[in-house]
Amino acid sequence: MTETEVTVNAGTAPQAAASAPAVLVLEDGRIFRGRSYGAQGTALGEAVFATGMTGYQETITDPSYARQLVVQTAPHIGNTGVNSEDAESRRIWVAGYIVRDAARRPSNWRSERSLDSELVEQGIVGIQGVDTRAITRHLREHKTMRAGIFSGEAAQATDKELVDAVLASEPMEGARLAEEVSIDEAYVVEPKDHGWDGDPRFSIAAIDLGIKAMTPVRFAERGVRVHVLPATATIDDVKAVSPDGFFMSNGPGDPATADNQVKLLRTVLDEKLPYFGICFGNQILGRALGFGTYKLRYGHRGINQPVMDRRTGKVEITSQNHGFAVDAPLDGPTSAPEERYGRVEVSHVSLNDEVVEGLACLDIPAFSVQYHPEAAAGPHDAAYLFDRFIELMEGARDGRTANLSKEPVDAQHPADAQPNPAQPNPAQPSADPNTTDNKTEDKK
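Calculation criteria
Residues numbered from 1 in each chain as written. Predicted model: local features only at pLDDT ≥ 70, side-chain atom pairs only at ≥ 80, totals over all residues. Heavy atoms only, no water. Helix = DSSP H or I, 4+ residues; strand = E, 2+ residues; numbered from the N terminus. Buried < 20%, exposed > 50% of the residue type's maximum accessible area, 1.4 Å probe, protein only. Polar contact = N/O pair within 3.5 Å; in protein donor to acceptor, adjacent residues only side chain to side chain. Contact = heavy atoms within 4.5 Å. Salt bridge = Lys/Arg side-chain N within 4 Å of Asp/Glu carboxyl O. Core = buried A, V, L, I, M, F, W, Y, C linked by side-chain atoms within 4.5 Å. Phe/Tyr/Trp six-rings, centres within 6.5 Å; stacked < 30°, edge-to-face > 60°. Lys NZ or Arg CZ within 6 Å of the ring centre and 35° of its normal.

1. Details of unusual backbone geometry
Step number 1: In the Ramachandran plot, K143 falls in the positive-phi region, its phi being about 85° despite a non-glycine side chain.
Step number 2: Here K143 is to be found in the loop between α3 (132–142) and β10 (145–151).
Step number 3: Classification of K143 by relative accessible area gives partly exposed; the value is 42%.
Step number 4: Positive phi outside glycine occurs at S242, with the angle close to 50°.
Step number 5: By relative accessible area, which is 57% here, S242 ends up exposed.

Laid out in structure tokens, this is it:
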């Protein structure tokens, strides 16, 4: 065994004797050997870890995991099998799956088939019997990186050949994936199909950048009709459904590639249509306002991520899945780089590393968060965000307020106001030389 190779005794792994050898190879040359799980062959992508102890079916069917090899930090995976109700999209999206102890057989009253058989049926290459704790620690210390899972005949290649195959794969930076995972044709989610009694309260246009199935359901439960549109939708497509609000979903890839969606959102913001975005939709709002985005060292993935709502001081435990973040000043409110959008503030922040977890516009009806309030799987701490969006649409409809600042719709826009030289302008960022942004050394 070389210094870059880690071998775990797979004797206790389920079906170890019956499965073929498999190997996980990281781009820095680190190698982990185990046994095949799911389909056999080759899977290339970015190796990331997810910290959720439950909800593995929701994880692997989340389109935001496209082109990623997911390491489950929970050691026992597959115990409850899979079913037809818990999938968050039409298929499994993870490029590959990495687990320590795969269940020998599922045991749950809702189980319809085993996770192993589901992976085989959908052609997802996985590996079991590896030390997922060691893999996770390696990724935390060295950052997420390209990787490959090789099983069956593919695992017979030399270590150098396997590393070369990984190094030849595409990185996540610069990847444009939302269009790949999005729907081809629009569809509608009706409130009456999800327990709402009465006419719809509002109608929204939701751009599918990798939307999870429970997101439009959470809207529908509150009486909101959801027109789900493809990632390629134009402003004419949006206007065609006469929406009261506009929504952009989570999704995979580098937000720096989402120029078309940024252009669309700016048009929406210019027309003062209420906006709510989550995850990828948060990053697109950041870009539309003129902020940049950057790649995190290892991202936030799991259903136990602590976030503080800076407006209330409340701490929420949230479900997250992102490898990129918005680079906006934490000390606010501040003027958006795109000045026509007025003031903006970071509304939520990660308690682990102070990454921006939410944006709130104070002069236009728009806000977003970096996490998943639909909570599938995950906690329900953030469910109020759906209600906040409804309140924003109510305010815009009734002419009471135009934004989250609760100011009247005819309040003077700060961009049009003349500053009083005798008073500091709260819309300007701090000039304190000790003030730093959220890009700490740990994340560069």
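2. So, the side chain of T61
Step number 1: Mapped onto the secondary structure, T61 falls in the loop between α1 (56–60) and β5 (68–72).
Step number 2: On the basis of relative accessibility, which here comes to 4%, the residue T61 falls in the buried class.
Step number 3: Within polar-contact distance, the side chain of T61 engages the backbone oxygen of Q57 at 2.7 Å.
Step number 4: In this structure, T61 is in contact with D86, A87, E88, S89, R91, I92 and W93, ignoring residues within four places of it in sequence.

3. A few points about the pattern of salt bridges
Step number 1: Throughout the structure, instances matching the rule amount to 26 salt bridges.
Step number 2: The partner of R33 in a salt bridge is D159, and the shortest N-O contact between them spans 2.8 Å. A residue pair is termed long-range when its members are at least 10 positions apart, and R33 in strand β3 (residues 31–38) and D159 in helix α4 (residues 159–167) qualify at 126 residues.
Step number 3: A salt bridge links E112 to R113, with the nearest nitrogen and oxygen atoms 3.2 Å apart.

4. Here's the deal with the nonpolar core
Step number 1: Counting 38 residues, the largest nonpolar core has F246, M248, L265, L269 and L289 as the members making the most contacts within it.
Step number 2: Counting only elements with at least two residues in this core, the list comes to β12 (202–207), β14 (245–248), α8 (259–270), α9 (280–288), β19 (343–350) and β20 (356–361).
Step number 3: The element contributing the most residues to this core is α8, with 5 residues.
Step number 4: If sequence neighbours within four positions are ignored, L265 has contacts with F246, M248, Y275, I284, L285 and A288.

5. Here we look at the packing of aromatic side chains
Step number 1: For the structure on display, the rule yields 11 aromatic pairs.
Step number 2: A ring pair is formed by F219 and F386, whose centres lie 4.9 Å apart and whose planes are at 90°; its orientation type is edge-to-face. Linking F219 in helix α6 (residues 214–221) with F386 in helix α10 (residues 384–398), this pair joins segments that are 167 residues apart in sequence. Per residue, the accessibility class of F219 equals that of F386, and both read buried.
Step number 3: When the ring of F367 is compared with that of F389, the centres are 6.3 Å apart and the planes differ by 65°; the resulting orientation is edge-to-face. With a gap of 22 residues between them, F367 in strand β21 (residues 366–369) and F389 in helix α10 connect regions that are remote in the sequence. A single burial state applies to F367 and to F389, both of which are buried.
Step number 4: Above the ring of W93, the side-chain terminus of R91 is found at 4.0 Å from the ring centroid.
Step number 5: A cation over a ring is seen here: K295 above F324, with NZ or CZ 5.8 Å from the ring centre.

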